[in-house]
Amino acid sequence: MYWLRRAWAELRDEVFVLPSRTLALVWALGLLLLPLVYDDPYVLRILTMTCLFAIFAASWDLLAGYTGQVNFGHALFFGAGAYTSALLSLRLGITPWITIWAGAAVALLFGYLAGYLCLRLRGSYLSLATLAFPLIALGLLFAFPEFSGGELGISGLRRLANGPTPNYYIAAVSMLAIVLGLWQLADSRFGIVLHAIRDDEVAARASGINTLRYKLAVFALSAAAAGFSGALFAHYLRVAGPSTLEVALSFQVVIWGIFGGVATIYGPVVAVFILYPLTEWLGSFRSFGELRLLIFAVIVLLVLLFMPRGLTPWLRDKLETACPRCKQRNRAWRSVCRLCGAPLSGADAKIKPA
Amino acid sequence: MLQDILVTGLVNSGVYALLAIGFSLIFGVARIVNIAHTAFYMLAAYCFYALLTKTGLGFALSGVIAVAAVTALSVVCYRLVIEPVREHESAVLIATIALALIFQELMLYSFGGNYLGIPSTLEGVVRVLGVSIPYQRLLILVVAAVMLAATWFFLYRTRLGLAIRATANDLEVANLMGMNVHRVAMASVAASVALAAVAGVVVAPVFVVDPFMWLAPLVTMLAIVVLGGLGSLKGSLIGALIIGYVEAITVFALPGGAYLKGAVALGIMVAVLLVRPEGLFGVAFEEER
């Protein structure tokens, strides 16, 4: 009884005081409870894919948003995870429960390598150089079709579980766990160092931070998460094909990340949860089917014109304000700060939060 | 085979140089990474095809109209889409990606996904060093050379060119000296897209036209620009020659070369970046802040 009351107090004082936290909690609970009330296989399938892509987008954000290493070739890690897991489970007959971890490990290795090659590059050079990596991999895959399956990829993989609901839970739980993990990491001391590297690498180095080691670690971590989602994706669709390495996928994750708002982790996740089901839903209309990518691009363009920093930062500024004195966040409709009592409305409270 | 490599490499380098120099120009002046650059090249090819087959205008007239129309479109896109979000680098980036996707889907919707062939504008071949070169490929080479010379003249012998170079060098100082940097940026967008459109028009009869034809040259172009050094026009030209020849050698000399040509070209780019992170002719900035 005590613990229940304690939990309720925590909820009331820490979660329900801010609309963003309430929304996050409702969303997570909704994801977990949805199949109990509504288990249409089509909806579950779309949500499963959404969850997998959300991991992918969040991992991109850790690298590009927080550390400023804007990676245009994130599909390399997705594809590395997918192909590794597919080859191991099909050729050696290992259960997918183990091979997805191997896929993540190989992706981690690729991430370390890509990071090592990119250490001296920065800014646009880095973006454009990273764009090359998945294409080099793709060229090699096509050059050795008997090993990689060529254009068709590796098909006939085993699924992790049978039926739409278990597969959905695997995707949803891994998504929640990884995204929460990345979010915690990005909020920790480690994340602060990443912010510093993005804003001013020279200053970070002058403050005694081994920026090279941090950049390599972020490349590896982000790649591992992306590889994990790639491996899950391959086993869910039962095929690992060249589409997992294409430029289109790399661009897609950039769009998700920037649309949702970079350096937030939750931004790209929100973007995936809006944009991916939207494109699928548009595709289900016969007349819209051909136009869905067009509508997708137009929506992204329009949203950007009005919210150039991305969707979630804009939304958050509408729902919450930062207290001018103690910098804590408050509901936008409060008149005094919930922690220090400073007045929130008025001329001096209008200062934009950093 | 050697002659094949020489000729194919030269023709491809010409096309790549047209694309890469335009991209480099926009990046140098306005710091825009224009992913939609080759989408304009694709649009020009489609526009040329439509004018040629639907209206029955002559080759030269259709080509000129196509280039003019695409250039005008690029200025409109710049004003409507890019300029409002100029301060946010990442927003500009995905705005150009979205533009490219929109163009691709519009063409897919109106022309279908089929490969469209355009009849050769010039028939016949010329024999040089024992290799027969179709006039069409020769035309690409000539047009590329003329356009490059015109670009050089524009940038180094006109007042607007001087303004563009000054803005590329230092935007703030150029602004303080009384140049209208917005108009300069717009002029360089128009000039660079015009180069891409010319490339699209001249290659349309040689390559096939389809809505996805912008992706492959995009990657090659980016490799060239990074190899030569972002924003350096000389670097783009030399990078185009290097990549054009590397691709030709890979295709003709290696088994399975057609698959590997992209990989080898990109591999060379990565190798150069490892030795010189700012590209062959790029300027190493001491941490832009």
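Each value, and the rule that gives it
- Residues numbered from 1 in each chain as written.
- Chains lettered and ligands numbered in written order.
- Predicted model: local features only at pLDDT ≥ 70, side-chain atom pairs only at ≥ 80, totals over all residues.
- Contact = placed C-beta atoms within 7 Å.
- Helix = DSSP H or I, 4+ residues; strand = E, 2+ residues; numbered from the N terminus.
- Nonpolar A, V, L, I, M, F, W, Y, C, P; charged D, E, K, R; others polar.
- Expected span 1.5 Å × (residues − 1).
- Axes fitted to C-alpha atoms, helices over the stretch in contact; angles between N-to-C directions.
- Left-handed = near helix turned anticlockwise from the far one by under 90°.
- Buried ≥ 20, exposed ≤ 12 C-beta atoms within 10 Å, placed from the backbone.
- Arc of directions from axis to C-beta.
- Core = buried A, V, L, I, M, F, W, Y, C linked by C-beta atoms within 7 Å.

Visitor: Would you mind going over the interface of chain B and chain A with me for this structure?
Guide: Bring the parts together and some accessible area is lost; that lost area is often taken as the interface size. With 37 residues of chain B in contact, the opposing surface of chain A contributes 35 residues. Residue assignment for the side of chain B that touches chain A shows that the elements contributing at least two residues are helix 4 (89-111), helix 9 (215-228) and helix 11 (257-275) of chain B. Looking at which element gives the most residues to the side of chain B that touches chain A, the answer is helix 4 of chain B, with 12 residues. Residues of the side of chain B that touches chain A, tallied by class, amount to 29 nonpolar, five polar and three charged.

Visitor: Would you mind going over helix 3 (residues 59-82) of chain B with me for this structure?
Guide: Turn by turn, an α-helix covers 3.6 residues, leaving residues three or four places apart pointing in a common direction. Over its 24 residues, helix 3 of chain B runs 33 Å from end to end, which matches the ideal 34 Å to within 8%, given 1.5 Å per residue. Residues of helix 3 of chain B that are buried make contact with helix 14 (292-306) of chain A together with helix 2 (37-55), helix 4 and helix 8 (181-203) of chain B.

Visitor: In this structure, what is going on with the packing of helix 13 (residues 266-283) of chain A against helix 14 of chain A? I would like to understand it.
Guide: What describes two packed helices is the angle between their axes and the distance between those same axes. Residue and element names in this part refer to chain A. Contact pair helix 13 / helix 14: the axes reach a minimum separation of 9 Å and the direction vectors enclose 145°. As for the relative orientation of helix 13 and helix 14, their crossing is right-handed in sense. Contacts between helix 13 and helix 14 involve Leu-275, Thr-279, Leu-282 and Gly-283 on the former and, on the latter, Arg-292, Ile-295 and Phe-296. Split into classes, the residues belonging to the contact of helix 13 with helix 14 amount to four nonpolar, two polar and one charged.

Visitor: Would you mind going over the environment of A:Val17 with me for this structure?
Guide: Residues and elements named next belong to chain A. Residue placement: Val-17 occurs in the loop between helix 1 (2-15) and helix 2 (19-37). In this structure Val-17 comes out as partly exposed when scored by C-beta crowding, with 17 C-beta atoms within 10 Å. Residues Val-17 and Arg-329, 312 residues apart in the sequence, show an inter-C-alpha distance of 9.5 Å.

Visitor: Even after reading the chapter, I still don't get helix 6 (residues 159-169) of chain B, so can you show me in this structure?
Guide: Residues and elements named next belong to chain B. Those residues of helix 6 not exposed but buried are Ala-163, Ile-164, Thr-167 and Ala-168. Buried positions in helix 6, seen along its axis, are confined to an arc of 135° and lie on one side of it. Tucked into the core, helix 6 has its buried residues touching helix 1 (2-30), helix 5 (135-157), helix 7 (171-176) and helix 8.

Visitor: Looking at this structure, I do not really get the nonpolar core. What am I missing?
Guide: Nonpolar side chains in soluble globular proteins generally cluster together in the buried interior. Formed by 205 residues in total, the largest nonpolar core has its most connected members in B:Ala44 and B:Ala197. No other element matches helix 3 (residues 41-66) of chain A, which puts 15 residues into this core. Here B:Ala197 is in contact with B:Phe40, B:Tyr41, B:Ala44, B:Ala66, B:Val67, B:Val70 and B:Thr71, once residues within four sequence places are set aside.

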